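Working through the structure, step by step
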Amino acid sequence: MTKIATWNVNSVKARLPHLVDWLKTASPDVVLLQEIKCVTEEFPRLEVEAAGYCCEVIGQKAYNGVAIVAKQKISDVIYELPGGADDDHARYIEGTVGDVRVASIYLPNGNPIDSPKFAYKLGFLERLRVHALGLFASERPVVLGGDYNVCPTDEDVWDVRAMARDALVQPETRAAFRKILHQGWTDAIRTLRPHGRHYTYWDYFQNRFTRDHGLRIDHLLLSPAAADRLKDAGIDRGPRAKEKASDHTPVWCELQ
DNA sequence: ATGGTCGGGCTCCGA
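It should be emphasised that the depicted structure is a prediction, and the values quoted were computed from it without experimental measurement. (Residues numbered from 1 in each chain as written. Chains lettered and ligands numbered in written order. Predicted model: local features only at pLDDT ≥ 70, side-chain atom pairs only at ≥ 80, totals over all residues. Heavy atoms only, no water.)

1. Notes on the packing of helix α3 (residues 116-137) against helix α4 (residues 171-181)
Running from N to C, α3 and α4 cross one another at 10°; their axes reach a closest spacing of 9 Å. For the element pair α3 / α4, the angle class is roughly parallel. For the pair α3 and α4, contact is made by Phe-118, Lys-121, Leu-122, Leu-125, Glu-126, Leu-128, Arg-129 and Ala-132 and by Glu-172, Thr-173, Ala-176, Phe-177, Lys-179 and Ile-180, respectively. Considering only residue class, the contact of α3 with α4 consists of 8 nonpolar, 1 polar and 5 charged. (Axes fitted to C-alpha atoms, helices over the stretch in contact; angles between N-to-C directions. Helix = DSSP H or I, 4+ residues; strand = E, 2+ residues; numbered from the N terminus. Parallel < 35°, antiparallel > 145°, perpendicular 65-115°, else oblique. Contact = heavy atoms within 4.5 Å. Nonpolar A, V, L, I, M, F, W, Y, C, P; charged D, E, K, R; others polar.)

Quick look at the structure:
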């Protein structure tokens with residue numbers, strides 16, 4: 001059994017105790033991290049290795065940054081999403097662990113929707129669609145995990161009215177996400193829990209977590225070869241309940 | 001009713 005998780009940690013340095021703790025208690029084989037918020041050289045490699053994990057990292061100063069953390073060695077790594085000639089954001093890393101190709105994706109937030117940030121988000125989704133097509137065609141087990149900053153349906157939003165102007169729920173955003181899904185990818189959480197509210201993110205404001213006013217924006221997309229092996233998936237709210245928590249919590253799946 | 005709270009890096013940006 002292989003357990004693969006995605007977690008936007010909102011600063012890997014601020015979250016290091018929580019991360020190491022979760023590696024020990026949840027014992028995932030692979031964790032796809034987003035928003036590490038440090039340059040590559042400052043990633044806490046020694047502490048993660050001491051917990052029994054390898055890491056591959058692409059960071060930048062202050063913002064963004066993604067990593068793959070795995071018990072086994074990580075090979076054939078690429079450190080950016082192809083097709084972004086003038087894109088210097090550290091938002092994509094992809095590598096092979098065992099026989100599974102995994103990607104850690106930090107999709108642009110895209111707010112406000114009348115700014116260039118929204119166009120950048122839609123452009124990134126289109127680049128991801130093109131790249132995902134190649135991964136899909138490989139017929140390998142592939143897991144595209146990350147903070148997609150997309151609420152696929154209204155059921156993934158605690159308050160549709162409050163979010164109406166938000167980039168995470170716009171029809172264009174959802175259409176671009178669906179275009180990827182429709183290649184044949186399986187949304188691990190929605191497949192195992194077709195109904196109900198299963199949030200992965202709660203804003204720091206207004207005690208949103210304790211009131212379960214959240215969003216489902218962190219996703220694990222599985223290629224058919226991976227989906228055939230899907231045994232379980234879940235959202236571990238434990239880390240979000242802690243003091244000094246990230247605003248996101250880990251989402252995981254188990255492949256046989 | 002456009003607030004509220006984080007993290008990073010340095011007086012404000014991004015989420």
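2. Some details on the nonpolar core
Counting 24 residues, the largest nonpolar core has Ile-4, Val-30, Val-102, Val-143, Leu-222, Cys-253 and Leu-255 as the members making the most contacts within it. Look past the residues within four positions of Leu-255 in its chain and what remains in contact with it is Met-1, Thr-2, Ile-4, Val-143, Leu-222, Ala-226, Arg-229 and Leu-230. (Core = buried A, V, L, I, M, F, W, Y, C linked by side-chain atoms within 4.5 Å. Buried < 20%, exposed > 50% of the residue type's maximum accessible area, 1.4 Å probe, protein only.)

3. A word on the pairing of strand β1 (residues 2-8)
On a regular strand, each side chain points to the face opposite its neighbour's, so the side chains alternate between the two faces of the sheet. With 6 of its 7 residues buried, β1 lies for the most part within the structure. As paired elements, β1 and strand β12 (residues 251-255) share 5 bridges and run antiparallel to each other. Across the sheet, the residue bridging to Ile-4 is Cys-253, located in β12. Relative to strand β2 (residues 30-34), β1 runs parallel, the two being bridged by 5 bridges. Paired with Thr-6 across the two strands is Leu-32, which belongs to β2. Note on the crossover from β1 through helix α1 (residues 16-26) to β2: the handedness is right-handed. (Pairing = 2+ DSSP bridges. Right-handed = clockwise from strand over helix to strand, strands pointing away.)

4. What about unusual backbone geometry?
Note on backbone geometry: most residues besides glycine have negative phi, and most peptide bonds are trans. Omega for the peptide link from Asn-111 to Pro-112 comes to -5°, which places this bond in the cis form. Tracing the backbone through its elements, the reader meets Pro-112 in the loop between β7 (100-106) and α3. Within the chain, Ser-11 stands out as a residue other than glycine whose phi angle is a positive 90°. Within the fold, Ser-11 resides in the loop between β1 and α1.

5. Some details on the packing of aromatic side chains
For the coordinates displayed, the defined rule picks out 5 aromatic pairs. Seen in terms of ring centroids, Tyr-120 and Phe-124 are 6.2 Å apart; in terms of plane orientation they differ by 70°. Their pairing is edge-to-face. Highlighted residues: Tyr-120 and Phe-124, both in helix α3, separated by 4 residues, approximately one helical turn. An angle of 65° between the planes, with centres 5.6 Å apart, marks the rings of Phe-136 and Trp-185 as edge-to-face. Highlighted residues: Phe-136 in helix α3 and Trp-185 in the loop between α4 and β9 (186-187), separated in sequence by 49 residues. In this arrangement the basic side chain of Lys-3 is found over the ring face of Trp-252, its NZ or CZ atom lying 5.0 Å from the centre. (Phe/Tyr/Trp six-rings, centres within 6.5 Å; stacked < 30°, edge-to-face > 60°. Lys NZ or Arg CZ within 6 Å of the ring centre and 35° of its normal.)

On their own, these measurements won't tell you what the molecule is for.
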